[in-house]
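Coordinates in review
Given next are the chains, with one letter for each unit.
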Amino acid sequence: MKLSKSLKSKIQRKVQRCQILLKNDMDIEFPEEPTQHVAVLNAGLLTGLTLERLLEEIHKHQVTVQDISMIPGKSYCFITFKNCDDAKIIVESMNAVAPLGQNDAVLYLAYCDKVQIVENLWTKPLPDGIFLLPDFISEDEEQILLEKIDVSDAKAVDGSLKHRLVKHFGFEFIYGKNTVDPNSPLDRKIPSEFDSLVFKRLHKQKPEFSSFLPEQMTVNKYEPGQGIPPHVDTHSPFCDPIVSLSLLGDTVMEFRDETRHACLYLPRRSLLVMSGESRYGWTHSITPRMTDVVPKSGGLSMQKRETRVSCTFRQLRNGPCTCSFPKLCDSQKPDITKIDVSNPTCDASTAATLENQNVHQVYNEIASHFSETRHSPWPKVQKFLESFDSNSFLLDIGCGNGKYLNVNPKICMIGCDRSDGLLKVCLERSFNVFQCDCLAVPFKDSSIDGCISIAVIHHLFTDERRKQAIEEMARILRPGGRALIYVWAKNQEADSRKSSYLRQNKENNRRIRKKSETEEKKETKIQVEKLNDGIALPVHTNRTQFAHQDVLVPWKLKGKTQIQSAEETKTFLRYYHVFNEGELEAICQQIPSIKVIESYYDQGNWCVIFEKLAN
């Protein structure tokens, strides 16, 4: 495309301004002659540009990229090409043309004498105990195994929140608890062909795993764009190792511990063995996306994802786990009484008392301060509310300070909450609200078009009460009506990025990274708060990953409250049941009158949209 003289001049001035800003940030020069290095002056991780999207655009021009440096917290990045000619092609083709910046603004590019090196995830060492065996089976053998597992009848249930299809053999994998019931084997056993084509071959190639005889197999069918959040397979139910076979397609798996992050390319028909540190001490995940960046021919390349079927094999364990990774080991956690519906000491009356003490009273005390921290509607909740027709009638159950009550002026929306303090805030804002408990909503059956429950159900103490709250939403919805639920996720990095909850404490994150080994050992002592009726719960450290599902989360309030006579900082402890992947969806699937139509992860929350079925 031929540019006018005035447009060229405008682009040049913009590039020069960007160069000045970058030079102020780091020692770098911008020669006029082509170099192997190119700076993207106005887009980077801070503006939302991803390595995958940038590389996808570059590869349209058939050049070889050796490396891309995406720098955390910066609005620029660097590309290193195989030679100067490739760099020249990109600068001439993409400068002020490629719409990859924030809000699709064009990119501004310039040659530079050097780049700020960011360690490539492909060059970072993988955890100990990982073995990847490529071309482990032939294409003919792959077809044999695919016929035996027959994923055509797999179902998107049991916590497949990204709608991937799942099928279990040997034992049902229980999502939400991430275990199996050893007393309830399935009639569907692992096909015998896996013994000859996988297990015996593994024993021959890796004699150290000759005792590995899997009793459970989970088959996942992934379509492009689907993945799994970072997780560690629960220690106590399963032995070492965990083994996975990739069929039909390739993917990239990411591994993380507290400070390290590395990638591993899993080609089709390869076998992955995770043992020792990689099995017990690091999370593994597959980022949901349509393409992967992979190392190829001395550089980086884009590879489109295809349908992939994974077969994950586990051997059941007898007895507790005694691994050397106690911080991630459920067998070695401190003895803390858990709240569970099966616990006879936590009946409905006890649960109601504890909720009043550690939820309702707390919100009354912190209402004003809490309201000050809740401003903007979350985009996906707003999108849900805006999806209803004009004059639809909706209810916000647990409306808090009412930030969602005026999102869509075309609908009739009212709110309800248990907290006197938060309802007072709503009334001051002239919202239509009333007081009630989410377990008993004073509406007739099948009387409203839609409802939302944002950050409410995780405050209920038992599985049964959480289910009851969802049943109440289902009861008052008309047939065809829809509801949206948000609950806190135990995993605050389930989409491979830190949630806003974790990002809010950057200083704490830096402090954690600098801890010495002695300090880490001291931190294994968890603060436990004793509640009524002999129940004790761990006190969570704010802005950190959750270590337990049932926790008390501190809220610090400075100043006078209803129970204080002098100004001071007081800490209130709110009860939370943080949800595992699939747990919320599994509760919804127990209610016959509703159908889950969408489930997703959004900034540290597991979310479900369900629809009321016709009678």
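Worth saying up front: this structure is predicted, and the values here are computed from it rather than measured.

The next thing to look at is the side chain of Arg 466. Counting through the fold element by element, Arg 466 comes out in helix H10 (residues 463-476). Within the local environment of Arg 466, its side chain forms a polar contact with the backbone oxygen of Leu 460, the two atoms lying 2.6 Å apart. Not counting the four nearest positions on each side in its chain, Arg 466 is found in contact with Ile 457, Leu 460, Phe 461, Tyr 575, His 577, Phe 579 and Ile 587.

Here we take up the pattern of salt bridges. Scanning the model with the defined rule gives 23 salt bridges in all. A salt bridge links Glu 472 to Arg 475, with the nearest nitrogen and oxygen atoms 2.8 Å apart. Of this pair, Glu 472 and Arg 475 are both found in helix H10, three residues apart, which corresponds to roughly one turn of the helix. With a relative accessible area of 25%, Arg 475 lands in the partly exposed category.

The next point concerns the sheet that holds strand E10 (residues 251-256). Reading across the sheet, the four strands line up as E8-E13-E10-E11 and stay open at both edges, with antiparallel pairing between neighbours. One side of each edge strand has no neighbouring strand; the edge strands of this open sheet are strand E8 (228-231) and strand E11 (261-266). Here the average twist between neighbouring strands, direction ignored, is 20°. Sheet analysis places E8 next to strand E13 (residues 283-286), joined by two bridges and oriented antiparallel. Directly across from Ile 228, in E13, lies its bridge partner Ile 286.

Moving on: the packing of helix H7 (residues 348-372) against helix H9 (residues 420-428). Put simply, H7 and H9 touch, their axes get as near as 7 Å, and they point 35° apart. Contacts between H7 and H9 involve Tyr 363, Asn 364, Ala 367, Phe 370 and Ser 371 on the former and, on the latter, Asp 420, Gly 421, Leu 422 and Val 425. Looking at the contact of H7 with H9 residue by residue, the classes come out as five nonpolar, three polar and one charged.

Using the criterion set out here, one finds three cavities of 30 Å³ or more in the structure. Looking at the lining of the largest cavity, its residues break down into three nonpolar, two polar and five charged. Considering only enclosed or pocket space, the second largest cavity measures out at about 40 Å³ in volume. In terms of lining, the second largest cavity is formed by Ile 397, Cys 438, Ser 453, Val 456, Ile 457, Ala 469 and Met 473. For the lining of the second largest cavity, a count of residues per class yields six nonpolar, one polar and no charged.

For the rest of this paragraph, the subject is the environment of Gln 545. Here Gln 545 lies in the loop between strand E23 (536-538) and strand E24 (550-559). Owing to a relative accessible area of 32%, Gln 545 belongs among the partly exposed residues under this scheme. Sequence separation between Gln 545 and Ala 489 is 56 residues, and the spatial gap between their C-alpha atoms is 9.7 Å. Engagement of the side chain of Gln 545 in a polar contact is seen with the side chain of Asn 491, the distance being 3.4 Å.

Hydrogen bonds between backbone groups are what pair the strands of a sheet, and the pairing can be parallel or antiparallel. In space, the six strands of this open sheet follow the order E5-E12-E9-E16-E7-E6, with antiparallel pairing throughout. Of all strands in the sheet, those with a lone pairing partner are strand E5 (130-133) and strand E6 (165-169), marking the two edges. Strand-to-strand twist of the sheet, defined as the mean angle between neighbouring strand axes without regard to direction, takes the value 15°. Pairing of strand E9 (residues 242-247) with strand E16 (residues 308-314) involves five bridges; the strand directions are antiparallel. Bridge pairing in E16 links Ser 244 to Thr 312. On top of the sheet, helix H4 (residues 139-149) reaches E6, strand E7 (216-222), E9 and E16; it is set at about 105° to E9, its chief contact. Packed onto the sheet, helix H5 (residues 193-205) meets E5, E7, E9, strand E12 (271-274) and E16 and runs at close to 65° relative to E16.

Definitions and limits used
Residues numbered from 1 in each chain as written. Predicted model: local features only at pLDDT ≥ 70, side-chain atom pairs only at ≥ 80, totals over all residues. Heavy atoms only, no water. Helix = DSSP H or I, 4+ residues; strand = E, 2+ residues; numbered from the N terminus. Polar contact = N/O pair within 3.5 Å; in protein donor to acceptor, adjacent residues only side chain to side chain. Contact = heavy atoms within 4.5 Å. Salt bridge = Lys/Arg side-chain N within 4 Å of Asp/Glu carboxyl O. Buried < 20%, exposed > 50% of the residue type's maximum accessible area, 1.4 Å probe, protein only. Pairing = 2+ DSSP bridges. Axes fitted to C-alpha atoms, helices over the stretch in contact; angles between N-to-C directions. Nonpolar A, V, L, I, M, F, W, Y, C, P; charged D, E, K, R; others polar. 1 Å grid on protein atoms, 1.4 Å probe; cavity = no way out; pocket = protein on both sides within 12 Å on 5 of 7 lines; lining within 4 Å. Points joined across faces, edges and corners; volume = space filled by probe spheres on them.

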